[in-house]
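If you want the building blocks of each chain, they are given just below.
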Amino acid sequence: MTATNYIYFSDLLGTMLFAISGAMAANRRKIDIFGATFTGFVTAIGGGSLRDFCLNLRPIWVDDGNYLIAILIGVFLAAILNDQLDKFL
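Okay, so let's go over this structure. Computed from a predicted model, the values in this text were never measured in an experiment.

**Some thoughts on the overall build of the protein**
Stage number 1. For the protein, the count of helices and strands is five helices and zero strands.
Stage number 2. In the protein, the order of α-helices and β-strands from amino to carboxyl end is α-α-α-α-α.
Stage number 3. Seen through its C-alpha atoms, the protein measures out along the principal axes to roughly 35 × 30 × 20 Å.
Stage number 4. Here the protein holds 89 residues, and the buried ones make up 29% of them.
Stage number 5. Considering only contacts in the protein between residues 6 or more positions apart, those separated by 24 or more positions represent 67%.
Stage number 6. By element, 68% of the accessible surface of the protein is carried by carbon and sulfur atoms, the whole surface being about 6100 Å².
Stage number 7. The centroid of the 6 positive side-chain charges in the protein is displaced by 8 Å from the centroid of its 7 negative side-chain charges.

If you want it as structure tokens, here you go:
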């Protein structure tokens, strides 16, 4: 495994963790699963997408569907393991 692969997978892991964070914040406010998914997406890719749009670049998640899968896995984990994860955060 090369250094490029490590960077790529750590980026996916970070995206998933931010999605978990956003979905858990929505769960604390008793927002439904659609709202939690939306909040997870915005938390995970919102800032980078805004930066890319301002720099007139194409966001990476548009071309690489693995980012969307990582976000959906993160939201799913936050919904299923909310009580267990709440102890850590």
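**Here we look at a nonpolar patch on the surface**
Stage number 1. Nonpolar side chains collect at one region of the surface, where Met1, Tyr6 and Phe9 lie side by side and expose about 380 Å² of accessible area between them.
Stage number 2. Relative to the helices and strands, Phe9 resides in helix α1 (residues 3-28).
Stage number 3. Here Phe9 falls in the partly exposed class, since its relative accessible area comes to 43%.

**Quick word on the nonpolar core**
Stage number 1. Within the largest apolar cluster, 15 residues are counted, with the highest numbers of intra-cluster contacts made by Ala19, Ile20, Ala23, Ala44, Ile71, Val75 and Ala78.
Stage number 2. Taken together, the elements giving at least two residues each to this core come down to α1, α2 (33-54) and α4 (66-80).
Stage number 3. With seven residues, the single largest contributor to this core is α1.
Stage number 4. Excluding its chain neighbours within four sequence positions, the residues that come into contact with Ala44 are Thr15, Phe18, Ala19 and Ile71.

**Regarding the packing of α1 against α4**
Stage number 1. Viewed as axis vectors pointing N to C, α1 and α4 meet at an angle of 40°, and their least axial separation amounts to 7 Å. Here α1 is positioned oblique relative to α4, judged by the angle of their axes. For the element pair α1 and α4, the recorded crossing hand is right-handed. Mapping the contact onto sequence places Tyr8, Asp11, Leu12, Thr15, Met16, Ala19, Ile20, Ala23, Met24 and Asn27 in α1 and Asn66, Tyr67, Ala70, Ile71, Ile73, Gly74, Val75, Leu77, Ala78 and Ala79 in α4.
Stage number 2. Counted by class, the contact of α1 with α4 contains 15 nonpolar, four polar and one charged residues.

**Quick word on the packing of aromatic side chains**
Centre distance and the angle of the planes are the two values used to describe a pair of aromatic rings.
Stage number 1. By the definition in use, this model includes two aromatic pairs.
Stage number 2. Between the aromatic rings of Tyr8 and Tyr67, the centroid separation amounts to 6.2 Å while the plane-to-plane angle is 90°, which identifies the pairing as edge-to-face. Placement of Tyr8 in helix α1 and of Tyr67 in helix α4 is noted, with a sequence separation of 59 residues between them.
Stage number 3. Judged by relative accessible area, Tyr8 falls into the partly exposed class, the value being 25%.
Stage number 4. The class for Tyr67 is buried, based on a relative accessible area of 5%.

Basis of the calculations
Residues numbered from 1 in each chain as written. Predicted model: local features only at pLDDT ≥ 70, side-chain atom pairs only at ≥ 80, totals over all residues. Heavy atoms only, no water. Helix = DSSP H or I, 4+ residues; strand = E, 2+ residues; numbered from the N terminus. Buried < 20%, exposed > 50% of the residue type's maximum accessible area, 1.4 Å probe, protein only. Contact = heavy atoms within 4.5 Å. Areas by Shrake-Rupley, 256 points an atom, 1.4 Å probe, with all protein chains shown as cover. Lys, Arg positive; Asp, Glu negative; His and termini not counted. Charge placed at Lys NZ, Arg CZ, Asp CG, Glu CD. Patch = residues over 30% accessible without salt bridge, like charges linked within 9 Å, V, L, I, M, F, W, Y side chains within 5 Å. Salt bridge = Lys/Arg side-chain N within 4 Å of Asp/Glu carboxyl O. Core = buried A, V, L, I, M, F, W, Y, C linked by side-chain atoms within 4.5 Å. Axes fitted to C-alpha atoms, helices over the stretch in contact; angles between N-to-C directions. Parallel < 35°, antiparallel > 145°, perpendicular 65-115°, else oblique. Left-handed = near helix turned anticlockwise from the far one by under 90°. Nonpolar A, V, L, I, M, F, W, Y, C, P; charged D, E, K, R; others polar. Phe/Tyr/Trp six-rings, centres within 6.5 Å; stacked < 30°, edge-to-face > 60°.

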